[in-house]
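# An overview of the molecular structure
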Amino acid sequence: MEISNRAQKLEPSVTLAASAKANALKAAGKDVLSLTVGEPDFTTPKNIQQAAIQAIESGKASYYTPSAGIKEIREAVVNYIESYYHLSYEAKNVIVTDGAKFALYLLFQAILNPNDEVIIPVPYWVSYGEQVKLAEGVPIFISCAQEKEFKVTVEQLEKARTDKTKLLILNSPSNPTGMIYSETELRKIGEWAVLHDILIVSDDIYGRLVYNGATFTPIATLSKAIQKQTIIINGVSKSYAMTGWRIGYAVGDETIISAMNDIASQSTSNPTAVSQYAAIEALSGEQETVEIMRQAFEARLNEIYPLFAALPGFKLEKPHGAFYLFPNIKETLTMCGYTDVTNWVDDLLAEAQVALVTGAGFGAPEHVRISYATDLDTLKEAVKRIKAFIEKKSIK
Ligand code: PMP
Ligand code: GLU
């Protein structure tokens, strides 16, 4: 049986592929250091685990739920957004989904007609472009300079705009770069989007993970008009160490949320019930563990950033959020005799047992992505091995 054109054209997630490859080598007994997938290495906080256990034991997690999530979790999202964004929504403005990834998927399916254009600043998170294509939309990629902290400007947006432009995807703090847009930058972008009636998809999943005094400004908070023009995407995976529970959400215009809900009702039926009860506790319970984990990431960043920045040929600024480094390694590639970053990453894994993700999957083929959501010993050992690998290759 021939598989569909749609599936044939799809690029699988490079982050998940790199992590699966590293894990397979580990399972085969290889001493692999994996700095691939963006997932906190902490276990889910105890109070959240307890809420899940209680939901199972009481029997309430046994059943299907409404496809947009139970009322209590949608209300928990409303209260969370009220506390952290100071914005008012109602439960009808919220859909809870199987991870933020599926919220994005539903949004594109609900909004895009064939050939509608979606502006995606580069470097981008691996799933944006592929999900847009699955919805028969056209990703319009805008290259953002490292010298400008990889941030898109209104001038660039205006150049890319056509009468088919429907959406703009923003992700601040960014995966993979860790950069954060300032309030002034966001205000300009927001006003531009309002003026041209372009919907802003604001992927805020790393909003709680900002470091060294940096602040996260959600674009939706900048004016009533910008709020109306924005769909907020968020979830519990990153801030609460809950990647395996698969709970994300979208917040915004009721008509769009309702269309997303119709698609969810015909695809997943509902996000897993037990995970919804756990996520209610995450969003409304004590928040101290979020701060403890944030501080741990900050300490790691401060310790390992200078070590990676000193690697031969690595060019990178210190990130302000998320948990990734995204160096330009063009010079390193030349030193080592490579022209293709993916080959360099493959050989680094084969010869030095360090797994990184190729920048090619993020639209930036001179870069590699390093996740520092792992322990310091692993990170320091990885630096040593990468250095030795570069030295070995440079001598040849
Ligand atoms: N957006 C970005 C930028 C991400 O890095 C991730 C990581 N998986 C997601 C969305 C989706 O997260 P999840 O599906 O685990 O909620
Ligand atoms: N967002 C994470 C990452 O970028 C998880 C992997 C994925 O969902 O593709 O590593």
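Residues numbered from 1 in each chain as written. Chains lettered and ligands numbered in written order. Predicted model: local features only at pLDDT ≥ 70, side-chain atom pairs only at ≥ 80, totals over all residues. Heavy atoms only, no water.

## Notes on the overall build of the protein
The secondary structure content of the protein amounts to 15 helices and 12 strands. Radius of gyration (C-alpha) of the protein: 21 Å, near the 21 Å computed for a compact globule of 396 residues. Taken along the three principal axes of its C-alpha coordinates, the protein extends 65 × 55 × 55 Å. Split into buried and exposed, the 396 residues of the protein put 56% on the buried side. The long-range fraction of contacts in the protein, counting pairs at least 24 apart against all pairs at least 6 apart in sequence, stands at 74%. (Helix = DSSP H or I, 4+ residues; strand = E, 2+ residues; numbered from the N terminus. Rg over C-alpha atoms; globule rule 2.2 N^0.38 Å. Buried < 20%, exposed > 50% of the residue type's maximum accessible area, 1.4 Å probe, protein only. Contact = heavy atoms within 4.5 Å.)

## Considering the sheet that holds strand 12 (residues 368–371)
An order of 9-12-11 is seen for the 3 strands of this open sheet, with the pairing classed as antiparallel. Whereas interior strands pair on both sides, the edge strands pair on one side only; in this sheet they are strand 9 (324–325) and strand 11 (357–358). Judged from the 2 bridges that link them, strand 11 and strand 12 form a sheet pairing that is antiparallel. Considered in strand 12, the bridge of Val 357 is made with Arg 369. (Pairing = 2+ DSSP bridges.)

## Considerations on the site of ligand 2
Around ligand 2, the surrounding shell consists of Ser 13, Thr 15, Leu 16, Val 37, Gly 38, Lys 101, Trp 125, Val 126, Asn 175, Lys 238, Tyr 324 and Arg 369. One of the backbone N or O atoms of Gly 38 is found 2.7 Å from an oxygen atom in ligand 2. Here a nitrogen atom of ligand 2 sits 3.3 Å away from a polar atom, N or O, in the side chain of Lys 238. With the chains in place, 89% of the 280 Å² that ligand 2 exposes on its own is no longer accessible. For the shell around ligand 2, the residue count by class is 5 nonpolar, 4 polar and 3 charged. (Near = heavy atom within 4 Å. Polar contact = N/O pair within 3.5 Å; in protein donor to acceptor, adjacent residues only side chain to side chain. Areas by Shrake-Rupley, 256 points an atom, 1.4 Å probe, with all protein chains shown as cover. Nonpolar A, V, L, I, M, F, W, Y, C, P; charged D, E, K, R; others polar.)

## Some remarks on the pairing of strand 4 (residues 138–143)
Consecutive side chains of a regular strand alternate in pointing toward one face of the sheet and then the other. Where strand 3 (residues 117–122) meets strand 4, 6 bridges bridge the pair, whose relative direction is parallel. The partner of Val 122 across the bridge, within strand 4, is Ser 143. Following the backbone out of strand 3, through helix 6 (residues 127–134) and into the adjacent parallel strand 4, one traces a crossover that is right-handed. (Right-handed = clockwise from strand over helix to strand, strands pointing away.)

## Focus on the site of ligand 1
Around ligand 1 there are 13 residues in total, and Ala 100, Asn 175, Asp 203, Tyr 206 and Ser 237 lie nearest to it. Take Asp 203: an N or O atom from its side chain is 2.6 Å from a nitrogen atom of ligand 1. Side-chain polar atom of Tyr 206 to an oxygen atom of ligand 1: 2.6 Å apart, as the coordinates give it. Within the complex, the protein chains bury 93% of what would otherwise be the 390 Å² of accessible surface of ligand 1. Among the elements that make up the shell around ligand 1, the one with the highest residue count is helix 5 (residues 99–111) (3 residues). Looking at side-chain class alone, the shell around ligand 1 contains 5 nonpolar, 4 polar and 4 charged residues.

## Notes on the sheet that holds strand 6 (residues 199–203)
A sheet is described by the order of its strands in space; here 7 strands give the open sequence 2-8-7-6-5-3-4, paired in mixed fashion. Only two strands of the sheet have a single neighbouring strand rather than two, namely strand 2 (94–97) and strand 4. Each strand axis lies, on average, 20° off the axis of its neighbour in the sheet, ignoring direction. Where strand 2 and strand 8 (residues 248–251) come together, 4 bridges link them in antiparallel fashion. Across the sheet, residue Ile 95 finds its bridge partner in strand 8, namely Ala 250. Against the sheet, helix 6 engages strand 3, strand 4, strand 5 (165–171) and strand 6, with an angle of about 155° to strand 4. (Axes fitted to C-alpha atoms, helices over the stretch in contact; angles between N-to-C directions.)

## Here we look at the UniProt feature "domain: Aminotransferase class I/classII large" (unreviewed entry) in the protein
If you check UniProt for "domain: Aminotransferase class I/classII large" (unreviewed entry), the listed places come out as residues 30–386 in our numbering. Counted over residues 30–386, helix gives 42% and strand 14%. Its end C-alpha atoms are 17 Å apart. (UniProt positions renumbered as here; feature names shortened; annotations may be inferred.)

## What to know about the pattern of salt bridges
Evaluation of the coordinates by the stated rule reveals 20 salt bridges. Its salt-bridge partner being Lys 393, residue Glu 351 comes within 3.1 Å of it at the nearest N-O pair. Of the two residues, Glu 351 is situated in helix 14 (residues 341–352) and Lys 393 in helix 15 (residues 376–395); the sequence distance between them amounts to 42 residues. Of the residues examined, Lys 393 reaches a relative accessible area of 10% and is grouped as buried. Each of the salt bridges in this network shares a partner with another, and the network as a whole consists of Asp 31, Glu 381 and Arg 385. (Salt bridge = Lys/Arg side-chain N within 4 Å of Asp/Glu carboxyl O.)

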